[in-house]
Amino acid sequence: MTEQDEALQQLHECAYAAVDEGELSNAARDFTALLEQVPENPYYHYMQGLVHKYLLDWPISLRHNLQAIELSEEFSQAQHWNAAIAATALGEWRTVRELWAACDIALPEGDGPIDGDFGVAAVRLNPWQGSETVFVRRIDPVRARLLNVPLPESGHRFGDIVLHDGASTGSRFDGEREVYVFNQLGRLVPSEFQTFAVFVRADSEGDLDALLKATAPGIGYAEDWTRSIRHYCMRCSYGAPHRHDQSEAEESAWQTERNLGIAAQSRKSVEKLLKDWASGHAGRHVDAIETREHSPPTCVPGGAWWMSLEDEEDTEDDQA
């Protein structure tokens, strides 16, 4: 092996090691250097596209994945999926549809954004900072609409359309079956619904169900965070006065204090919903309505967040 070959091999090993360690800037630099020496290598183009996918740098990711497809002698699902993810992020729908067709994925007819039903899944919001997991309805292979009311700190809302990765990181039980979990890669379309943290007291589960099933103009969805979010004291976080009752920690005991997430178009819609609910029974009380707006956290490179293992402990605010 010549010195040039040894240097190339060392650079190859450094590039792949940098990806495994989550050092994306170093990996991008090393794959650039490799491609300067071996520009026709489809694997290096694929890896550069992969690196820039996790950097959320969609134009470069798309360019290298398409180059990998062109240079490869055999069909590669991974290349096509990553190219389709990048093209979806950029809204290049003709390219998206061509790539999915090459993968034999049936799509609704048309030449614009895809709006189909690809089933229920779960998505880890902001996976680079270990945020919560929510259920979604997939409208195409890598876009989905949020079905839960996420915590405001996530910077997301019920009804957001998000871009997610193509590789599953595990599974969650959705009440009927196990569904795949995917890492979110960005928010594409913000929802019209705001998130309101609502603190109520309900004497019985029937009283609470009456609120969860109630409808009113401007209300998108009401979720009982006390049930769906574990080990997260919403009242303490939002400063709503209450006391911790050890007996209520028992799963068999009904907790009268409930923390809800309500997706609504306005505060007035929430106030009307709660007023009507509270007037229906003496055991129903509204303690506080709070809303806090947050932007989705920026993805800061560092750590291989896309390599999450299913056997890792769920985060404390996991809704799935």
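Heads up: the structure comes first, above all this text.
Everything quoted here is computed from the prediction, not taken from an experiment. (Residues numbered from 1 in each chain as written. Predicted model: local features only at pLDDT ≥ 70, side-chain atom pairs only at ≥ 80, totals over all residues. Heavy atoms only, no water.)

1. Thoughts on the pairing of strand β6 (residues 194–202)
Of all the nine residues making up β6, seven are buried; the element is thus mostly covered by neighbouring parts of the structure. Two elements, β6 and strand β8 (residues 257–264), share eight bridges in a ladder whose sense is antiparallel. From the neighbouring strand, Ala197 faces β8, where its bridge partner is Gly261. (Buried < 20%, exposed > 50% of the residue type's maximum accessible area, 1.4 Å probe, protein only. Helix = DSSP H or I, 4+ residues; strand = E, 2+ residues; numbered from the N terminus. Pairing = 2+ DSSP bridges.)

2. Points about helix α3 (residues 42–54)
For α3, spanning 13 residues, the distance from its first C-alpha to its last is 19 Å, which sits close to the expected 18 Å at 1.5 Å a residue. Of all 13 residues in α3, twelve are buried, a share of seventy percent or more. Among the residues of α3, those classed as buried are Pro42, Tyr44, His45, Tyr46, Met47, Gln48, Gly49, Leu50, Val51, His52, Lys53 and Tyr54. Where α3 is buried, its residues contact α1 (3–20), α2 (24–37), α4 (58–71), α5 (77–90), β4 (161–173) and β5 (178–189). (Expected span 1.5 Å × (residues − 1). Contact = heavy atoms within 4.5 Å.)

3. Considering the packing of aromatic side chains
Scanning the model with the defined rule gives ten aromatic pairs in all. Measuring from centroid to centroid gives 5.4 Å for Tyr16 and Phe31, while their planes differ by 75°, and the two rings are edge-to-face. Taken as a pair, Tyr16 in helix α1 and Phe31 in helix α2 lie far apart in primary sequence, 15 residues in all. Classification of Tyr16 by relative accessible area gives partly exposed; the value is 26%. Ring plane angle 50° and centroid distance 6.1 Å describe the contact between Phe31 and Tyr44, whose orientation is recorded as tilted. Of this pair, Phe31 sits in helix α2 while Tyr44 sits in helix α3, placing them 13 residues apart in sequence. Judged on exposure class, the residue Phe31 and its partner Tyr44 are both buried. Each member of the aromatic cluster is reached from another via a ring pair, and the members are Tyr54, Trp128, Trp305 and Trp306. (Phe/Tyr/Trp six-rings, centres within 6.5 Å; stacked < 30°, edge-to-face > 60°.)

4. Digging into the pattern of salt bridges
For the structure shown, the criterion picks out 15 salt bridges. Here Asp207 ties to Arg284 by a salt bridge, and the two come within 2.9 Å at their closest N and O atoms. Taken together, the residues span a long stretch of sequence, with Asp207 in helix α7 (residues 205–212) and Arg284 in strand β9 (residues 284–290) at a distance of 77 residues. There is no split in this pair, since Asp207 and Arg284 are both buried. Three or more residues are tied together by salt bridges with common partners; here these are Glu205, Asp224, Arg227 and Arg258. (Salt bridge = Lys/Arg side-chain N within 4 Å of Asp/Glu carboxyl O.)

5. What to know about α7
Restricting attention to buried positions, one finds in α7 the residues Asp207, Leu208 and Leu211. The buried residues of α7 occupy an angular sector of 95° when the element is viewed end-on, so they sit on one face. Packing partners of the buried residues in α7 comprise β6, β7 (219–224), α8 (225–228), β8, α10 (267–278) and β9. (Arc of directions from axis to C-beta.)

6. Observations concerning the sheet that holds β6
Spatially, four strands are ordered β7-β8-β6-β9 in an open sheet, and the strand pairing comes out antiparallel. In this open sheet, the two strands that pair with only one neighbour each are β7 and β9. Here the average twist between neighbouring strands, direction ignored, is 25°. Packing against the sheet, α10 makes contact with β6, β7, β8 and β9, and its axis sits at approximately 170° to β9. (Axes fitted to C-alpha atoms, helices over the stretch in contact; angles between N-to-C directions.)

7. Remarks on unusual backbone geometry
If you check the backbone angles, Leu56 has positive phi at about 60° while not being a glycine. In this structure, Leu56 sits in the loop between α3 and α4. Judged by relative accessible area, Leu56 falls into the partly exposed class, the value being 24%. Here Asp104, not a glycine, exhibits a phi torsion of approximately 60°, which is positive. Looking at the element boundaries, Asp104 is found in the loop between α6 (93–102) and β1 (120–124).

8. A word on the sheet that holds β5
Spatial strand order, β1-β2-β3-β4-β5: five strands in a closed barrel with mixed pairing. Across this sheet, the average inter-strand angle for adjacent strands is 50°, counted without regard to direction. Pairing analysis gives five bridges linking β1 to strand β2 (residues 133–140), with the strands arranged antiparallel. Across the sheet, Ala122 pairs through a bridge with Phe135, a residue of β2.

9. So, the nonpolar core
In this structure, Val19, Phe31, Val51, Trp100 and Trp305 are the most contacted members of the largest nonpolar core, which totals 38 residues. Counting only elements with at least two residues in this core, the list comes to α1, α2, α3, α4, α5 and α6. With residues up to four places along the chain from it excluded, the contact list for Trp100 reads Trp81, Ala84, Ile105, Leu107, Ile114, Pro141 and Val142. Judged by nonpolar contacts, the second largest core, of 17 residues, contains Val200, Ile262, Val270 and Ile289. (Core = buried A, V, L, I, M, F, W, Y, C linked by side-chain atoms within 4.5 Å.)

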